[in-house]
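Descriptive structure summary
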Amino acid sequence: RKLPRALAAVLAWWTMEFYLNNPQGPGVLNKAALRKANAMQVICMLRLLGASAKGYSPLVNHLAQVPTGEGKSLILGTTATVLALLGYNVRCVCYSSILSTRDDTDFASMFEQFGVADNVLYGTWDELASDLFTEVHGDIRQQAKDFLNGKPYSAATGPRQQSSQRVLLADEVDVFVSKNFMAKTVSYAFHFSSDDITELIKFIWKYRNSDSTWMDKLKENDLYKKVLEKTNSQSAWFYESAIQEQVKVAKKFKRGGRPYQLRDGKVLYKIAGRDEFSDRWTHTYETNCVLLDEADQGNIDEDQIELKIWGTAGAMAYAQLTGKVTNCAPFFSYILGVTGTLDEAKLPPRTHEVLKHDIGIKRYTYCETMYEAGKRDWEPNSRNDVKLALDHAHKLSMHEGDHFQAIASEIDRRRSGGKSPRPVLVFFKQADKLKRFLDSSYFDAFREMSGIITEEQVRADRNDAIRRATQTGFVTLCTAAFGRGTDFKIIDRRVKESGGMHVLSTFFPEEVSEEVQIIGRGGRQGDDGSFSMVLSAEELVADWPRTVTCESLEAWRAGDNATPSIVYRELAQVRAKQSEETLQATRTLLASLNPLEPNLSLLFEEASVLFAMWRHRTV
């Protein structure tokens, strides 16, 4: 009896907050304009909290599918508040730092007003992994540094008190079971720095192509001796191996490798599956080389650079956050979550096996849309909706210029397909190709009414581009990361009357759930819309070299007796097979996890620390 009343109270407060904060003043809004939860959102929350046709049952691990654009954030924020009122500590976790920060800000006043701000914490999977690792093992980075410096173990750096009655609320949980998270481990690096270390690494960089940096000669160098003379019997081996590694990386370094940004003298990396550049990640000795290379180009003052030698104190498998790991107590009492893609047809094969057996999901809820179905033009077997870039002779092309021309032609065709020019969203797999298309002459016809949405933008610019993307005739280029969770709201009546927004993908998504999410950026909440793909044979062959060739693509483009084009059907089968192989590898990893192994979850005897620091070298 208390639970639905608590939920009703929280949602009533949410509505009243909007009413009282109305810029026009309380009482001006009509009832229809009030912000309020719809029936399906309420049913979804009640289901997650234990409701069923037979009454209420204890909480169980439970996931819900909510159509794109229909209020997953409200479901998570309100459910978190009710769970906190019931005495649980709640972690709301998402793959995206952008979405996590947005939702935390949007619902901060709710948590504050109900007195649960200390019991609800938003963050990313990366932040959760770091927090739990520290909770179990303490400040392992400082422990490793203390050991190498000859200091005794300090309880101040030891394990932290673990919270009881903890619930994990996962947003877009299907992303977590992808190859970028559940199949990976995260390593925790520590570093040492000093003026002597910096000068030695500068010397190594300057003479990296000279035999003076071969280790036998380097050991005779005064800079090397100054660094080593400050070590002790426990750390000399570490410094020697670290310097040797820096020499090896410097000699092999090539400009233009991993994507990064240089900001305020720091190197920010973009990691697969994340939607922002961050200095939380490092590629250790390669990062030293990046800083020195930027200094050589005059992009950073060499005197401002702090160079470091690195070690890895331990690592944690992401699967340990939710999975059943041998001899390891679960971190959470319950796992709840929402996603736009939970139906088995929208996920890689056997994903539900992982959810059930390896994460322990017991119950699923599938929410129907609350809107009248709009018309979305999308026919996968049509040559008009799935195109391959061709050359001037109408043969399959392996050149980027032909791909750009095909993209531009599709933008022009879709943009002019209504009463008024339609807005078009164009998704690229990588930011560098987006930039090349943006800078090319093929984009000139759209440049005056265009925008971009990428991980490299500051949030204010990105939010402004999202707002403008649905304007009449606007063309917006986006990286794939924003094909999920980004809310493109159509306000202009002319856009709706012209068939809504068109969404164009310039690549074939590696996961069917990613494709569903990109398609879902248009035709939202009952609006009309359309979707198409313009693909590059060069990229398809590179992405699936074992199964996709130019010859096979030509045959698929010709179709068969029943279908004009079977490009999409055949690529979907290739994708399904690869996804199944990835999931099987993930399950093999889960079966092999043992928290007593030093490379996964360190014990803090000296031998284990030494072993881990020797085995791990980069993040």
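Heads up: the structure comes first, above all this text.
Residues numbered from 1 in each chain as written. Predicted model: local features only at pLDDT ≥ 70, side-chain atom pairs only at ≥ 80, totals over all residues. Heavy atoms only, no water.

Core analysis: the largest hydrophobic core is formed by 75 residues, its most contacted members being Trp125, Phe176, Leu218, Ile243, Ile309 and Leu321. Take this core: its biggest share by element is seven residues, from helix H11 (residues 236–252). Apart from residues lying up to four places away in sequence, Leu218 is in contact with Leu200, Phe203, Ile204, Ser212, Thr213, Tyr224, Ile243 and Val247. Within the second largest apolar cluster, 37 residues are counted, among which are Phe427, Ala469, Ile490 and Leu540. (Core = buried A, V, L, I, M, F, W, Y, C linked by side-chain atoms within 4.5 Å. Buried < 20%, exposed > 50% of the residue type's maximum accessible area, 1.4 Å probe, protein only. Helix = DSSP H or I, 4+ residues; strand = E, 2+ residues; numbered from the N terminus. Contact = heavy atoms within 4.5 Å.)

Quick look at unusual backbone geometry now. One non-glycine residue, Glu172, adopts positive backbone phi at about 55°. For Glu172, the position within the fold is in the loop between strand E6 (166–171) and helix H7 (173–176). Backbone geometry places Thr284, a non-glycine residue, at a positive phi of 45°. Relative to the assigned elements, Thr284 resides in the loop between strand E9 (266–269) and helix H12 (285–296).

With that settled, the discussion passes to the environment of Met449. Tracing the backbone through its elements, the reader meets Met449 in the loop between helix H16 (431–439) and strand E16 (450–453). On the accessibility criterion, Met449 (34% relative accessible area) is partly exposed. Each C-alpha atom, one on Met449 and one on Arg468, is 9.6 Å from the other, the two residues being 19 residues apart in sequence. With residues up to four places along the chain from it excluded, the contact list for Met449 reads Arg415, Thr472, Gly473, Phe474 and Val475.

Position of Glu410 relative to the elements: it lies in helix H15 (residues 400–415). Reaching out from Glu410, the side chain makes a polar contact with the side chain of Arg414 at a distance of 2.9 Å. Sequence-distant contacts of Glu410, defined by excluding residues within four places in its chain, comprise Asn384, Lys387, His502, Leu504, Ser532 and Val534. (Polar contact = N/O pair within 3.5 Å; in protein donor to acceptor, adjacent residues only side chain to side chain.)

In spatial order, the strands read E5-E4-E6-E11-E3-E12; together these six strands make up an open sheet with parallel pairing. Looking at which strands have only one partner, the edges of the open sheet turn out to be strand E5 (120–124) and strand E12 (363–366). In this sheet, adjacent strand axes meet at a mean angle of 15° when their direction is disregarded. Examined bridge by bridge, E6 and strand E11 (residues 334–339) share five bridges and lie parallel to one another. Each residue of the ladder has a partner; that of Asp171, found in E11, is Val338. (Pairing = 2+ DSSP bridges. Axes fitted to C-alpha atoms, helices over the stretch in contact; angles between N-to-C directions.)

Bringing the layout of surface pockets into the picture now. Space inside the largest pocket adds up to approximately 1,600 Å³. Taken together, 49 residues form the lining of the largest pocket, with Ser73, Arg102, Asp106, Asp487 and Lys489 sitting closest to its centre. Broken down by secondary-structure element, the contributors of at least two residues to the lining of the largest pocket are helix H1 (2–20), helix H3 (72–85), helix H4 (97–113) and helix H17 (459–468). Broken down by element, the residue count for the lining of the largest pocket peaks at nine residues, all from H4. Here the lining of the largest pocket is built from residues that sort into 16 nonpolar, 14 polar and 19 charged. Roughly 1,100 Å³ of internal volume is contained in the second largest pocket. What lines the second largest pocket is a set of 41 residues, and nearest its centre among them are Asn180, Lys270, Ala272, Gly273 and Glu514. Where the lining of the second largest pocket is concerned, the elements lending two or more residues are H7, H16, helix H19 (512–519) and helix H22 (567–592). At four residues, H19 tops the list of elements feeding residues into the lining of the second largest pocket. Split by residue class, the lining of the second largest pocket holds 16 nonpolar, 11 polar and 14 charged. (1 Å grid on protein atoms, 1.4 Å probe; cavity = no way out; pocket = protein on both sides within 12 Å on 5 of 7 lines; lining within 4 Å. Points joined across faces, edges and corners; volume = space filled by probe spheres on them. Nonpolar A, V, L, I, M, F, W, Y, C, P; charged D, E, K, R; others polar.)

By themselves, these observations are geometric and do not establish any function.
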